[in-house]
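Coordinate analysis (summary)
This is what each chain is made of:
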Amino acid sequence: MINRRDLLLGTAAVTAASTLPAQYSTAAFSGLSGRPPIAKRRFTSVAVERAIENFRTATASPQLQQIFEHCFPNTLDTTVFPGTADDKPDTYVITGDIDAMWLRDSAAQMWPYLPFAKQDHALSDLIEGVVRRQARLVLLDSYANSFTRHPTDHALTWALHDRTDMRPGVAERKWEIDSLCYVVRLAHGYWKATGNASAFDDTWRQCAHRIVQTFREQQRKTGPGPYHFQREAVNPTDTLPLAGYGNPTRANGLICSGFRPSDDACIYPQFIPANLFAAVTLDRIAEISTAVLHDDSLASEAQSFAREVRAAIQAHGLVHHPVHGEIYAYEVDGYGNTLFMDDANAPGLLSLAYLQLVPHSDSEPDPLYGRTRAYALSLDNPYFFRGSAGEGIGGPHIGLDYIWPMSILIRALTSTGDAEITQCLRTLVNTTAGTGFMHEAFHKDDPSKYTRPWFSWANGLFGELCLKLQAERPALLRNFNV
C-alpha cells in the first residue's frame, strides 16, 4: 500500500514527480517549468493577471519577479475545477500533486485572492464555489480532513484500510480542529471582502451548527466522543493510540484534536494553537449568525463557547520555558504534561499572529506572542533547523533537517523588521532548486533535496507575502537583491 510519506518524499523534484501513482500524475503540470500555457490553465482572473503585471515594476530583482509570476497564480492555473451544483457555484480544489480536496489547504489556497474578488465577478464565483462545497463536505463528515472529487469515490490509496467510520466521498479521515476553522475563515473572509452573503444559506447554517457540535463532542466532558482512527503504519504519527482515541486527557474546556495541521498525530490531544483558532472561529460563527443567518440561539452558544475555550487556554495553555519565560504551549493533556515544540504548518505557534489568533500588531506587539515566536524560531524548538542553505521550522511529517518554506514565509509575514524579512526573501529565492516554485520542504544544507514540486498552498503564501510587502514596505522590494 502506498503511504503518503512515500508519495511525497524524494531527493529531488524529478524523483518526487516520478514516484506519483497514475491517479496523481503531474502530466498536465509538473511544477518544474513555470506557468502552464494559457490554453492549459484551469482558470484565469483578469484582476490577478493585472496584479502580476503591476508587480513587475515593484522590484528590480528578476528572480523575485519570476518566482512571484510562477507562484501567485499557481492555484488558479493548476488546481481549481469550477462548476455548478443546484445552479450555484461549486469549486473543487486539489492540493497540487494530490487529487483530493483538503479543507484546510483549499481554504488557504483561495485566501490570497480575496482582495481581488470584489473587482472580478468570475473570481468571486470561483471562491463562492469553494465556500459552498466546503459546507457540503463538512455535513458529509465533520471529522474528515480531505475529500474526493466525487461523493461516490473511494478513499485515497493510503487511507483505504484505515480503521475509522469511513464513507464514500472521504479521501482521508484525520480529525483536525483546524480543518473546520479554515472553512469558517474562508467563508467569513469572503463575506467581508465582497459583501456577498449568498453562500450563507440553509446548508451553511447546518454546517455551522455541525462545527459547533463537533467542537463540543471533542471537549470530551462525558467521554472520548465518537471519533476514532487507526492505521497500519510504520510511522507512529500516522495513527492514534489506545483503540484510536488518542492519549488520555482531563476535561478542562479545551477541544481535543486527533491530528495537527501537518496531518501528524497529536501527542497530547489538547492542541493549543488550534484551540486559539477555534475560539476565533466561534466568534466568526456568532457574527455571521447574528448579521446574516438571524440565528440568535447559535450566536449565543458560539459566543459563550468561545469564552469558555479562551478561559481554558489561559488556565492550561500557558507554560513557563526556562529560557523564554511564559509562552503558549504547543500541546497539553490536562494532567500537567506539556509538549515544547513548534511545527511549520499553520496553525502553530509561529503562525498565531498571521492567522490573527492573538492581538499582535506592529504598533501594539503582544509580549506573550513575542516570547512564543522567539522560542519557535530558536534552537530550543526541536524542529527548528539551521544549515548552509537557510534556517526555519520543519516537523515530524518529513523529518529532521528539512525546513518548510511555509515557516519562512510565515516568519516574514509576522516580522516587524526589514532585515529579517529581507533575509527570509533571500532564503526563499535561493532554495527553489531552479524551479521558481515553493516546495513542501528542503534540506537545510542542500535545496536540491526537496519534497513536493507542486504544492499550491506554499506558492500562494509566497504571492501573499510579496503583495503585502508591495503595499506596506515598497522600499524593501525596490531595494531587494539576491
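One can find the structure itself at the top, above this paragraph.
Structure report, in brief. (Residues numbered from 1 in each chain as written. Predicted model: local features only at pLDDT ≥ 70, side-chain atom pairs only at ≥ 80, totals over all residues. Heavy atoms only, no water.)

1. Focus on the overall build of the protein chain
When you go through the protein chain residue by residue, the secondary structure sums to 17 helices and 15 strands. Against the compact-globule benchmark of 23 Å for 482 residues, the protein chain has a radius of gyration of 21 Å, which places it among compact chains. With the principal axes as the frame, the protein chain shows a C-alpha extent of 60 × 60 × 50 Å. A buried classification covers 63% of the 482 residues belonging to the protein chain. In the protein chain, the share of contacts with a sequence separation of at least 24, taken over all contacts with a separation of at least 6, comes to 68%. When the accessible surface of the protein chain is totalled, it reaches about 17400 Å², and 51% of it is carbon and sulfur. For the protein chain, the centre of its 43 positive side-chain charges and the centre of its 52 negative side-chain charges are spaced 1 Å apart. (Helix = DSSP H or I, 4+ residues; strand = E, 2+ residues; numbered from the N terminus. Rg over C-alpha atoms; globule rule 2.2 N^0.38 Å. Buried < 20%, exposed > 50% of the residue type's maximum accessible area, 1.4 Å probe, protein only. Contact = heavy atoms within 4.5 Å. Areas by Shrake-Rupley, 256 points an atom, 1.4 Å probe, with all protein chains shown as cover. Lys, Arg positive; Asp, Glu negative; His and termini not counted. Charge placed at Lys NZ, Arg CZ, Asp CG, Glu CD.)

2. Topic: the pairing of strand β15 (residues 446–451)
In this structure, strand β14 (residues 441–443) lies alongside β15, joined through three bridges in antiparallel fashion. By the bridge assignment, Phe442 is partnered in β15 with Tyr450. Two successive antiparallel strands, β14 and β15, enclose a turn made up of two residues. (Pairing = 2+ DSSP bridges.)

3. Topic: the sheet that holds β14
Read across the open sheet, the three strands follow the order β13-β14-β15; overall the sheet is antiparallel. The open sheet has two edge strands with one neighbour each: β13 (402–403) and β15.

4. Re the environment of Gln303
Mapped onto the elements of the fold, Gln303 is located in helix α12 (residues 296–316). For Gln303 and Leu282, which are 21 residues apart along the polypeptide, the C-alpha to C-alpha distance reads 6.5 Å.

5. Some points on the pairing of strand β7 (residues 318–321)
Looking down a regular strand, the side chains alternate between one sheet face and the other. Here four bridges tie β7 to strand β8 (residues 325–328), and the two strands are oriented antiparallel to one another. Across the sheet, the residue bridging to His320 is Glu326, located in β8. From the end of β7 to the start of β8, which pair antiparallel, there are three residues.

6. Some remarks on the state of the cysteines
By the definition in use, this model includes zero disulfides. Cys181 takes part in no disulfide bond, and the closest cysteine sulfur to it belongs to Cys207, at a distance of 12 Å. Taking the relative accessible area as the measure of exposure, Cys207 reaches 0% and is therefore buried. (Disulfide = S-S within 2.5 Å.)

7. Examining the pattern of salt bridges
Summed over the entire model, instances satisfying the criterion amount to 34 salt bridges. Notably, a salt bridge pairs Arg371 with Glu326, separated by 3.9 Å at the nearest N-O pair. Placement of the pair is Arg371 in helix α13 (residues 367–376) and Glu326 in strand β8, with a sequence separation of 45 residues. Shared partners join several salt bridges into a network, and the residues in it are Arg104, Asp105, Glu176, Asp178 and Asp263. (Salt bridge = Lys/Arg side-chain N within 4 Å of Asp/Glu carboxyl O.)

8. Re unusual backbone geometry
Residue Ala346 is joined to Pro347 through a cis peptide bond whose omega torsion reads 15°. Counting through the fold element by element, Pro347 comes out in the loop between β10 (338–339) and α13. For Gln356, which is not a glycine, the phi torsion comes out positive at approximately 60°. With respect to the secondary-structure elements, Gln356 resides in the loop between β10 and α13. Among the residues examined, Gln356 registers a relative accessible area of 57% and is labelled exposed. Even without being glycine, Asp401 reaches a positive phi, approximately 75°. Assignment of secondary structure puts Asp401 in the loop between β12 (391–393) and β13.

9. Things to note about the side chain of Ser142
Along the chain, Ser142 falls in the loop between α8 (121–140) and β4 (146–147). Residue Ser142 is classed as buried on the basis of its relative accessible area of 6%. Within the structure, Ser142 has its side chain in polar contact with the side chain of Thr214 (distance 2.8 Å). When neighbours within four sequence positions are excluded, Ser142 is seen to be in contact with Trp175, Leu180, Arg210 and Thr214. (Polar contact = N/O pair within 3.5 Å; in protein donor to acceptor, adjacent residues only side chain to side chain.)

10. Topic: the environment of Thr427
Here Thr427 lies in helix α15 (residues 418–429). What makes Thr427 buried here is its relative accessible area of 8%. Once the C-alpha coordinates of Thr427 and Pro405 are considered, the two residues, 22 residues apart in sequence, prove to be 8.8 Å apart. Leaving out residues up to four positions away in the same chain, Thr427 has contacts with Ala389, Gly390, Ile408 and Phe442.

11. A short note on the packing of α8 against helix α9 (residues 177–194)
Packing of α8 against α9 brings their axes to within 10 Å, and their N-to-C directions diverge by 150°. Crossing hand, α8 versus α9: left-handed. Each of Ser124, Ile127, Glu128, Val130, Val131, Gln134 and Val138 in α8 lies in contact with α9, whose residues at this interface are Leu180, Val183, Leu186, Ala187, Tyr190 and Thr194. For the contact of α8 with α9, the class distribution of residues is nine nonpolar, three polar and one charged. (Axes fitted to C-alpha atoms, helices over the stretch in contact; angles between N-to-C directions. Left-handed = near helix turned anticlockwise from the far one by under 90°. Nonpolar A, V, L, I, M, F, W, Y, C, P; charged D, E, K, R; others polar.)

12. Details of the nonpolar core
Within soluble globular proteins, side chains that are nonpolar generally end up buried alongside one another. Grouped together as the largest cluster of nonpolar side chains are 150 residues, with contacts concentrated most on Met110, Trp204, Phe215, Tyr328 and Phe462. With 13 residues, the single largest contributor to this core is helix α11 (residues 272–293). Dropping the residues within four chain positions of it, Met110 is found in contact with Thr75, Leu76, Val80, Val93, Leu126, Ile127, Val130 and Leu186. In this structure, Ile98, Trp102, Ala155 and Leu156 belong to the second largest nonpolar core, which totals eight residues. (Core = buried A, V, L, I, M, F, W, Y, C linked by side-chain atoms within 4.5 Å.)

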